[in-house]
Amino acid sequence: DGGITQSPKYLFRKEGQNVTLSCEQNLNHDAMYWYRQDPGQGLRLIYYSQIVNDFQKGDIAEGYSVSREKKESFPLTVTSAQKNPTAFYLCATEEGHGSPLHFGNGTRLTVT
Amino acid sequence: GIQVEQSPPDLILQEGANSTLRCNFSDSVNNLQWFHQNPWGQLINLFYIPSGTKQNGRLSATTVATERYSLLYISSSQTTDSGVYFCAVVNAGGTSYGKLTFGQGTILTVHP
């Protein structure tokens, strides 16, 4: 069935390690987004991609990297340069301009 | 950047009560969406409503773009309505419709 799959649901890492969060979609949507949510806060945009092989920084891109080699996939790497990586990470897709945003179920990352 | 303010920050209701959530924004928008985040973190898109009025069952939303606010109405509330409600907007003139700026959310608790 169609949807957005984020994996894993929970992820634990030691400080200083890079970690990659997966986001896969079979909705055939062009645009994909990564948001970060901290406890009691709204969402903040990390990176977005409107087409394959192209992506743009959002408001809080420092310490993160992405790739968009396939339309279906938009993985996010949290690098050791990210000062406060512990957060809830949400991937979203958009069919096109003027359409609603749809989210995956998120990945809770804890770095100790 | 554009500012998004939601009120009230917290709302407690008895089952069956009605409520109105408000979203004010500081600049003109070409995209406004309402989301519900359930206690497990899942974000569901409720409305894509840059202007006008829409209804979906017990929920309805109205955006008055010229006055820079949107309202979400919940009638005959149920315990399953509990969670956090987010308003998110894109500043008019923005290049990407999904590059949403989120408010801080309204936490709704519905008691049986």
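This section reports on the structure supplied with the text. If you're wondering where the values come from, they're calculated on a predicted model, not measured in any experiment. (Residues numbered from 1 in each chain as written. Chains lettered and ligands numbered in written order. Predicted model: local features only at pLDDT ≥ 70, side-chain atom pairs only at ≥ 80, totals over all residues. Heavy atoms only, no water.)

**Topic: the packing of aromatic side chains**
We count it as follows: Pairing of aromatic side chains here covers Phe, Tyr and the six-membered ring of Trp, requires ring centres within 6.5 Å, and sorts the geometry by plane angle: under 30 degrees stacked, over 60 edge-to-face, intermediate tilted. Secondary structure elements are taken from DSSP: a helix is a run of H or I of four residues or more, a strand is a run of E of two residues or more, and numbering for both begins at the N terminus.
As enumerated under the stated definition, the model contains nine aromatic pairs over all chains in all. Pairing A:Tyr35 with B:Phe102 gives two aromatic rings, centres 5.5 Å apart and planes at 75°, and the pair type is edge-to-face. With A:Tyr35 in strand E4 (residues 31–37) and B:Phe102 in strand E10 (residues 101–102), the pair connects residues from two separate chains. Grouped by ring-pair contacts, the aromatic residues A:Tyr35, A:Phe103, B:Phe35, B:Phe86 and B:Phe102 constitute a single cluster.

**What about the pairing of strand E3 (residues 19–25) of chain B?**
Residue and element names in this part refer to chain B. Which entries qualify depends on this criterion: Each residue's exposure class comes from its accessible area (1.4 Å probe, protein chains only) as a fraction of the maximum for that residue type: buried when under 20%, exposed when over 50%, partly exposed otherwise. In short, DSSP must find at least two bridges between two strands for them to pair.
Residues Ser-19, Leu-21, Cys-23 and Phe-25 line the buried face of E3, whereas the alternating positions Thr-20, Arg-22 and Asn-24 sit on a face that is not buried. Where strand E1 (residues 4–7) meets E3, four bridges bridge the pair, whose relative direction is antiparallel. Its bridge partner being in E3, Glu-5 is matched across the sheet by Asn-24. The sheet contact formed by E3 and strand E8 (residues 69–74) spans six bridges and is antiparallel. When the sheet's bridge partners are listed, Asn-24 is paired in E8 with Tyr-69.

**What about the pairing of strand E2 (residues 10–14) of chain B?**
Successive side chains on a regular strand alternate, one facing one side of the sheet and the next facing the other. All names here are of chain B. Residues Leu-11 and Leu-13 line the buried face of E2, whereas the alternating positions Asp-10, Ile-12 and Gln-14 sit on a face that is not buried. Pairing of E2 with strand E11 (residues 106–111) involves five bridges; the strand directions are parallel. Within E11, the residue paired with Leu-11 across the bridge is Leu-108.

**Points about the state of the cysteines**
Each disulfide consists of a covalent bond between the sulfur atoms of two cysteine residues. Residue and element names in this part refer to chain A. Formally: Cysteine sulfurs are considered disulfide-paired once they come within 2.5 Å of each other.
Applying the stated criterion to the full structure yields two disulfides over all chains. One disulfide in the model links Cys-23 with Cys-91; its S-S distance is 1.9 Å. Around the S-S axis, the bridge from Cys-23 to Cys-91 shows a dihedral of about -70° and counts as left-handed. You can see Cys-23 sitting in strand E3 (residues 19–25) and its partner Cys-91 sitting in strand E9 (residues 87–94), a full 68 residues away along the chain. Here Cys-23 falls in the buried class, since its relative accessible area comes to 0%.

**Digging into unusual backbone geometry**
The amide bond that connects A:Ser7 to the next residue, A:Pro8, takes the cis arrangement and shows omega of -10°. Looking at the element boundaries, A:Pro8 is found in the loop between strand E1 (4–7) and strand E2 (10–13). Looking along the chain, the bond that leaves B:Ser7 and enters B:Pro8 is cis, with omega of -10°. Residue position: B:Pro8 is located in the loop between E1 and E2. Non-glycine residue A:Asn28 carries a positive phi angle of around 65°. Relative to the helices and strands, A:Asn28 resides in the loop between E3 and E4. Residue A:Asn28 is classed as exposed on the basis of its relative accessible area of 55%. Unusually for a residue other than glycine, B:Arg68 sits at a positive phi of about 60°. Turning to its location among the elements, B:Arg68 is positioned in the loop between strand E7 (59–64) and E8.

Geometric descriptors of this kind do not, in isolation, establish any biological role.
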